[in-house]
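# Topology and contacts: notes
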Amino acid sequence: KARRIAAAAAALLTAAALGISPAQAAPQSGARYGPGAAGSGDSYFPNAGNGGYDVLHYGLDLHYTPPSGAGGAGNLTAEASITLRATQDLDALNFDLRGLTVTAVDVDGKDVNRGAGALEWTQVQDDANRRWELTVGLRPKLKEGQKATITISYGGATGRPQDTTGALYGWVTTPDGAIVVNEPDGAPTWFPVNDDPEDKATYSFRITVPEGKTAVANGLPGGDPETQAGWTTWSWEAAGPMASYLATASVGDFTLSYGEGPGGLPIINAVDTGVTGSALVTTDAALALQPEMIRYLSDLFGPYPFEAFGAIVDDDSVDYALETQTRPVYSGVAGEDTVAHELGHQWFGNSVSPADWKDIWLNEGWATYVEWLWAEHQGKATLAQQFTDTVAELDSKNLWGLDISDPGRDNLFAEQVYRRGAITLHALRARIGDTAFFAGATEWLDRYGNSSATTRDFEKVMEEASGQQLDAFFNDWLREGNRPAMP
Ligand code: ZN
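Attention in this report is confined to the structure presented alongside it. (Residues numbered from 1 in each chain as written. Predicted model: local features only at pLDDT ≥ 70, side-chain atom pairs only at ≥ 80, totals over all residues. Heavy atoms only, no water.)

## Observations regarding the overall build of the chain
In terms of regular secondary structure, the chain is built from eleven helices and 23 strands. For the chain, the spread of C-alpha atoms along the three principal axes comes to 75 × 65 × 45 Å. Counted over contacts in the chain with a minimum sequence separation of 6, partners at least 24 positions apart contribute 69%. In the form shown here, the chain has an accessible surface area of approximately 19,200 Å², with 49% of it arising from carbon and sulfur atoms. Positive and negative charge centroids in the chain, built from 33 and 64 side chains respectively, lie 9 Å apart. (Helix = DSSP H or I, 4+ residues; strand = E, 2+ residues; numbered from the N terminus. Contact = heavy atoms within 4.5 Å. Areas by Shrake-Rupley, 256 points an atom, 1.4 Å probe, with all protein chains shown as cover. Lys, Arg positive; Asp, Glu negative; His and termini not counted. Charge placed at Lys NZ, Arg CZ, Asp CG, Glu CD.)

And the structure:
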């Protein structure tokens, strides 16, 4: 502290000598504290995420009461302990939290409401602008580089949140529990978060549910479930850095099974006891292929990036699957193509994540291409055939108009993003050859693994791997409003 005062005094002296006012000089001294930004500036979700800090770890202690009847609300009472490092001098910072009420906040064990009036937290719920902010005042202030643990008590009724297109996401209350799938900006429906895919962190979960229910999150069990007075606490640890949209803590009447993949990789599946008949036959067959799929993709793209894999197969409340890290969620049934797709995302999307939501084709194009690769490997259809068929389909549906490198907020999951994305990758492979294509893919995963990157970063990696100038290629295949000439 003394050093800081000395530095400030020196800055004032210098300012006086230069004839500039202290206000102008202050930023140069680096001793100016202010609030972190309330948004990350994402192209499509500018208010999601926050500035001024980097989360290292989320400790989520969730207590969940499922609805008592079909269509009813659930109830969540929770405490989040968020360990972060300041990336600028901060006197306040924000988290994203939507539809839940905060009851207490403390910073490094000190109640934020204690002491001087400036120490307080406030909540904003502005649905129209998707601005769901919890602002926390910091005393003592946090200096750049300093760590703090902020503990937030919160809770409320859980319902069935919708994304900007009307699809269910976030903490989706189901008749027997909850399906938790956050992509793209649904994480704040169940925990206070820096909801920016660029800020990855590790997670620990403690999920307390009525005895008899099972709660499944990312990673590995953090110990055996513990039951007390009719409530069971399930612990999970996700040790690999994870983007918030990939976190899950699904609750239901699940049957858990434990198996192994290549190199002893733990594979943990949770299947809803309500999945029966042909849906169960399909699901069991697809889940049995997981070890072989992991082996196949590891040979192509390098080691599986995380500490575990598996599946959460819940009821059909949500009509899509999500690549939740280490343990994708499937709704109603897990088909073979979908399991291959969500596994592909562990490399493409989860290890290397989009830096901005407009880079979504890097996720969905690759995961679709992995489906194609797996289908060919299984002797179902050659890549050439799948490429030709998909091009013909986009032709017949007249779907070449969308620039998939910037598809627009409500087209994140449009069929063009998936299909034209896979087409682009196969055209790239035809253009630069197998060796450069797979060298480029592994370089992409090496360089940006456990991190995030943009479409331009991808173009650059592929240009380096091939030694070719690919500007025109990527413009034609990703951005042009017409079907490019076939390779
Ligand atoms: Zn996908």
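## What about the pattern of salt bridges?
According to the stated counting rule, one finds 18 salt bridges in the structure shown. One salt bridge connects Glu336 with Lys380, and the closest N-O pair in it is separated by 3.2 Å. Here Glu336 is found in helix H5 (residues 336–347), whereas its partner Lys380 is found in the loop between helix H6 (361–377) and helix H7 (383–397), with 44 residues between them in sequence. The exposure class assigned to Lys380 is exposed, which follows from its relative accessible area of 55%. Here Glu464 ties to Lys460 by a salt bridge, and the two come within 3.6 Å at their closest N and O atoms. Taken together, the residues Glu464 and Lys460, both in helix H10 (residues 455–466) and four residues apart, mark about one turn of the helix. A relative accessible area of 48% means that Lys460 is categorised as partly exposed. One network of salt bridges, in which partners are shared, links Glu393, Lys397, Glu415 and Arg419. (Salt bridge = Lys/Arg side-chain N within 4 Å of Asp/Glu carboxyl O. Buried < 20%, exposed > 50% of the residue type's maximum accessible area, 1.4 Å probe, protein only.)

## Some remarks on the coordination of the zinc ion
Coordination of the zinc ion by the protein comes from His341 (NE2), His345 (NE2) and Glu364 (OE), over a distance range of 1.9 to 2.0 Å. Counting the intervening residues between successive donors of the zinc ion yields the motif H-x3-H-x18-E. Taken as a pair, His341 and His345 lie in helix H5 at a separation of four residues, close to a single helical turn. Across the pair, exposure class does not vary: His341 and His345 are buried alike. (Donors = N, O, S within 2.8 Å, 3.2 Å for Na, K, Ca; no water.)

## Regarding the nonpolar core
Ranked by internal contacts, the top residues of the largest apolar core, which has 137 residues, are Trp190, Phe205, Phe301 and Trp444. By residue number, the principal contributor to this core is H6, which donates eight residues. Excluding residues that lie within four positions of it along the chain, Phe301 makes contacts with Trp347, Phe348, Trp366, Val370, Leu373, Phe438, Ala441, Thr442 and Leu445. (Core = buried A, V, L, I, M, F, W, Y, C linked by side-chain atoms within 4.5 Å.)

## Points about the sheet that holds strand S8 (residues 131–142)
By way of backbone hydrogen bonds, the strands of a sheet pair with one another, either parallel or antiparallel. Taken in spatial order, the four strands of this open sheet run S1-S4-S8-S7, and their pairing is mixed. In this open sheet, the two strands that pair with only one neighbour each are strand S1 (34–35) and strand S7 (121–126). Relative to strand S4 (residues 90–96), S1 runs parallel, the two sharing two bridges. Along S4, the bridge assignment pairs Pro35 with Ala92. (Pairing = 2+ DSSP bridges.)

## What to know about the pairing of strand S10 (residues 170–174)
Here S10 lies mainly inside the structure; five of its five residues are buried. Direction of pairing for S10 relative to strand S11 (residues 177–181): antiparallel, over a ladder of five bridges. Residue pairing for S11: Thr173 is matched across the bridge by Ala178. Adjacent in sequence and paired antiparallel, S10 and S11 are bridged by two residues.

## Concerning the environment of Ala311
Structurally, Ala311 can be placed in strand S20 (residues 309–314). Residue classification places Ala311 among the buried residues on the basis of a relative accessible area of 0%. Between the alpha carbons of Ala311 and Glu415 there is a distance of 24 Å; along the sequence they are 104 residues apart. Excluding anything up to four places from it in sequence, Ala311 contacts Ile268, Asn269, Ala270, Leu287, Gln290, Arg327, Pro328 and Tyr330.

## Some thoughts on the sheet that holds strand S19 (residues 266–272)
Strand order in this open sheet of four strands is S18-S19-S20-S21, and the pairing throughout is mixed. Each edge of the sheet is formed by a strand with only one pairing partner; in this case those strands are strand S18 (254–260) and strand S21 (329–331). Averaged over all pairs of adjacent strands, the angle between strand axes in this sheet comes to 15°, irrespective of strand direction. One ladder, built from seven bridges, connects S18 with S19; its direction is antiparallel. Counted as the bridge partner of Leu256 is Ala270 from S19. (Axes fitted to C-alpha atoms, helices over the stretch in contact; angles between N-to-C directions.)

## Let's talk about the environment of His426
With respect to the helices and strands, His426 occurs in helix H8 (residues 415–432). Along the sequence, His426 and Thr165 sit 261 residues apart, while their C-alpha atoms lie 29 Å from each other. If near-sequence neighbours (up to four positions away) are discounted, His426 is found in contact with Tyr369, Trp372, Leu383, Ala384 and Phe387.

## With respect to the packing of aromatic side chains
Applying the stated criterion to the full structure yields 30 aromatic pairs. Summarising the aromatic geometry, the rings of Tyr245 and Trp357 are spaced 4.9 Å apart at their centres and angled 65° between planes, so their arrangement reads as edge-to-face. One end of the pair, Tyr245, is in the loop between strand S16 (231–242) and strand S17 (249–252); the other, Trp357, is in the loop between strand S22 (352–354) and H6, and 112 residues separate them in sequence. Note on accessibility: Tyr245 and Trp357 belong to one class, buried. (Phe/Tyr/Trp six-rings, centres within 6.5 Å; stacked < 30°, edge-to-face > 60°.)

## Here we look at helix H11 (residues 471–479)
Within H11 the residues assigned to the buried category are Phe473, Phe474, Trp477, Leu478 and Arg479. What you see down the axis of H11 is that its buried residues fit within an arc of 165°, all on one side. Contacts made by the buried residues of H11 are with H6, H7, H8 and H10. (Arc of directions from axis to C-beta.)

## Side note on the environment of Phe309
Tracing the chain through its elements places Phe309 in strand S20. A relative accessible area of 0% places Phe309 in the buried class. Excluding residues that lie within four positions of it along the chain, Phe309 makes contacts with Leu265, Pro266, Ile267, Ile268, Gln290, Ile294, Tyr304, Thr326, Arg327, Pro328, Leu343 and Gln346.

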